[in-house]
Amino acid sequence: IDGYLLGHTAFITSMLVCEKIDEQQQQQQTAITASADGTIRIWDLESMECLSTTEVGRTQDDENNKNNNDDTSDQQQWLIPTCISINHDATVLAVIYDESNQIDFFTICSNKLSSSLSTIKCDAQPLSIQFQNDANILHAVLQSPHYIAFYEVTENAADVKPSETLTKLKQLAIDEKIETPSTIIEKDQRGLPKLRKLNETRGPGGDDKPWERVERIEIAKNREKRAKQKKKRQKLDGTD
C-alpha cells in the first residue's frame, strides 16, 4: 500500500485515475472519486493530497435546509453520485446519480471542477456511463425499456447522438426482454443506503475524523472488559 486518500465522510461509489499535463508542463497522475457524502474530490496520487472538493447533486430541499441551518443529518437530502467518467483529454467529467434521470457535465480546469457545463435529462435513469476513448461521445446504460443512449459533448452543451448501432442494440434488448435494476445501491426498508459511515459522537472522540474512530476501538474496549470480568471470576472461584 503506497498511501490512502482520506477525506470522504461516506462510502465511495466511483473512482477513476487519469494522467494529464499540469501548469508546470509536467505529467501529473490524479484520481477522481465520487462519494455518498455528495462530493467529488480530485487527488494528487503522488502526495495523496486532496486538490479540490466539489459538492454535486444537491436538491432544492437540501439547499433550503442548509440555508435555514436545519438538522437533517438523519435524512438523505441530496442525490448520490453513482458513476463518473472523464473524456479522452481529461477536460470534461460526466456524473450520474441514484434515482435521477440527469447527467451533469463539468469542465475540469487546474484540478478543479468548474460550474456545470451542461445537464441533460435522459429517458430513464442512467445506471452506468463511459466516454468513448477517442472522442467526446458518452455511452450510457439506462433502465429498461430504454437500455442505452449515446451523447455527444461539445464545448457548450451535450446532445443526443443518433446511431444505427444504438437502434439495433435497443431492439435486441427489447426482443430478449432484458430487465435492468432500479438502482445500483443497496437500500434498507426506508430506502436509504445500507452503507453509511457514521461519526463517533461520544466522549472526546466526538470531534475526530471518521477514519480515526474505527470499529477496532470498541472491539478493544470490549475485549479488555471481558478480560477483567474473567479475572474477577477466577479470583472469586479461587482459581487464579
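Up top you'll find the structure we're talking about.
No experiment lies behind these values; they were computed from the predicted model shown. (Residues numbered from 1 in each chain as written. Predicted model: local features only at pLDDT ≥ 70, side-chain atom pairs only at ≥ 80, totals over all residues. Heavy atoms only, no water.)

## Comments concerning the overall build of the protein chain
Our working rule: Strands are runs of DSSP state E lasting at least 2 residues, helices are runs of H or I lasting at least 4, and numbering of each runs from the N terminus. Note on contacts: a residue pair qualifies if any of its non-hydrogen atoms lie within 4.5 Å across the two residues. Accessible surface is estimated by sampling points in the Shrake-Rupley manner with a 1.4 Å probe; for residues, cover comes only from the protein chains shown.
When its secondary structure is counted, the protein chain shows three helices and twelve strands. Of the contacts made within the protein chain by residues no fewer than 6 positions apart, 41% connect residues no fewer than 24 positions apart. Accessible surface, the protein chain: about 15,300 Å² in total, of which carbon and sulfur atoms supply 46%.

## Re the pairing of strand β5 (residues 81–86)
What counts is decided by this rule: Buried means the residue's accessible area, taken with a 1.4 Å probe over protein chains only, is under 20% of the maximum for its type, while exposed means over 50%, and partly exposed covers the values in between. Think of it this way: DSSP has to see at least two bridges between two strands before they count as a pair.
Counted residue by residue, β5 has six buried out of six residues, so it is predominantly covered. Here β5 runs beside strand β6 (residues 92–97); their pairing, made up of five bridges, is antiparallel. Paired with Ser85 across the bridge in β6 is Ala94.

## Here's the deal with the sheet that holds strand β12 (residues 158–160)
Inclusion rule: Axes here refer to lines fitted to C-alpha atoms; in helices the fit is confined to the stretch in contact. Angles between the N-to-C directions go from 0 to 180 degrees.
Pairing is antiparallel in the open sheet, where four strands are placed in the order β9-β10-β11-β12. One side of each edge strand has no neighbouring strand; the edge strands of this open sheet are β9 (126–131) and β12. Direction aside, the axes of adjacent strands within the sheet are offset by 30° on average. Pairing of strand β10 (residues 137–142) with strand β11 (residues 148–153), which is carried by five bridges, proceeds in the antiparallel orientation. Residue Val141 lies in a different strand from β11, and its bridge partner there is Ile148.

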